[in-house]
Amino acid sequence: MRNNHYPFINTPLPYSYDALEPFIDEETMYLHHDRHLQTYIDNLNRFLEENPSLQKFSLEELLTIWRRLPCHLQTPLRNSAGGVYNHRFYFDSMTPPGSSCSAPRLFKAMSCQFGSPENFRAQFKEAALSVFGSGYAWLVLDRGCLKIVTSANQNTPFIRSRTLILNIDVWEHAYYLKHYNLRADYIDDWFRVVNWGMAENRYTGETLSEEFR
C-alpha cells in the first residue's frame, strides 16, 4: 500500500472526486477522503509521534501488533490505523462506472463458494445491511475459502491469516448526502463502481503465491 510508514500522508484518490458519479457523488467523495480520512491520518501521526518506538512498523504491522500493547494504547492505535487502512482499501476498491474490469478467477471462485456471483452480491448486501451502526462488510480469503465478514467501527479483519479482497464502508458519512438513510440503495450503487480488476489482483496474488509454496 502506498505511503505505508510513518509519517503518513493523505495520498490522492486514484480517480477524480466526481469520477464515480452518478452512483457516489462528488461532495461525498471529497468530504470522505479529504476530511474523514485526513482526520484518521492526523490522529495516527499524532499517536506515533507520542510513541516513537512504534514508528518503525508498517501500517499492516500496526494492525497486528496492537493487541500486544498496554491496554491504554490498544484502542487509539486500532482505531487510527484501522481508519487509515480501511479507508484506503475502500477507495482503491472502486473505479469509474463503465471501466473494463475482469475478474474471471474470482468470479469462478464465487460460483464455487456462493453458487454464483449474483448470490455473492445478495449475501454481501445482506451482510452490509446487518452492520449495526458503523462499520464495514468484507470479502476475504481465509484458508483457501472465500468468506464474507463484517467489522464494527474501524476494526479490520485479522490480516495475518486472511487476504482481504473487497470492502464496503457503511458508515453513514459514506453515503448520507446522496442516499440519506437508505443504505440498501447505496450498496446497490456501490456495486456499479466496484473495481473487480483490483479485487481479482488481490485474490490471485494470494492464490498464485500458494501454488508456488
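Scoring rules and cut-offs
Residues numbered from 1 in each chain as written. Predicted model: local features only at pLDDT ≥ 70, side-chain atom pairs only at ≥ 80, totals over all residues. Heavy atoms only, no water. Pairing = 2+ DSSP bridges. Helix = DSSP H or I, 4+ residues; strand = E, 2+ residues; numbered from the N terminus. Axes fitted to C-alpha atoms, helices over the stretch in contact; angles between N-to-C directions. Contact = heavy atoms within 4.5 Å. Buried < 20%, exposed > 50% of the residue type's maximum accessible area, 1.4 Å probe, protein only. Arc of directions from axis to C-beta.

1. Digging into the sheet that holds strand β1 (residues 135-142)
Okay, so step 1: With antiparallel pairing, the three strands of this open sheet are ordered in space as β2-β1-β3. Each edge of the sheet is formed by a strand with only one pairing partner; in this case those strands are β2 (145-152) and β3 (162-169). Taken over all neighbouring pairs, the strand axes of this sheet differ in orientation by 25° on average, direction set aside.
Okay, so step 2: The pairing of β1 with β3 spans seven bridges and is antiparallel. Each bridged residue has a counterpart across the sheet, and for Leu139 the counterpart in β3 is Leu166.

2. With respect to the side chain of His179
Okay, so step 1: Along the chain, His179 turns up in helix α6 (residues 176-179).
Okay, so step 2: What His179 contacts, discounting residues up to four positions off in sequence, is Phe23, Asp185, Tyr186 and Asp189.

3. A short note on helix α7 (residues 183-190)
Okay, so step 1: Here α7 has its buried residues at Arg183, Tyr186, Ile187, Asp189 and Trp190. Angular distribution of buried residues about the axis of α7 spans 165°; they occupy a single face of the element.
Okay, so step 2: Buried-residue contacts for α7 involve α3 (71-92), α5 (117-130), β3 and α6.

Just geometry here; none of it tells us what the structure is for.
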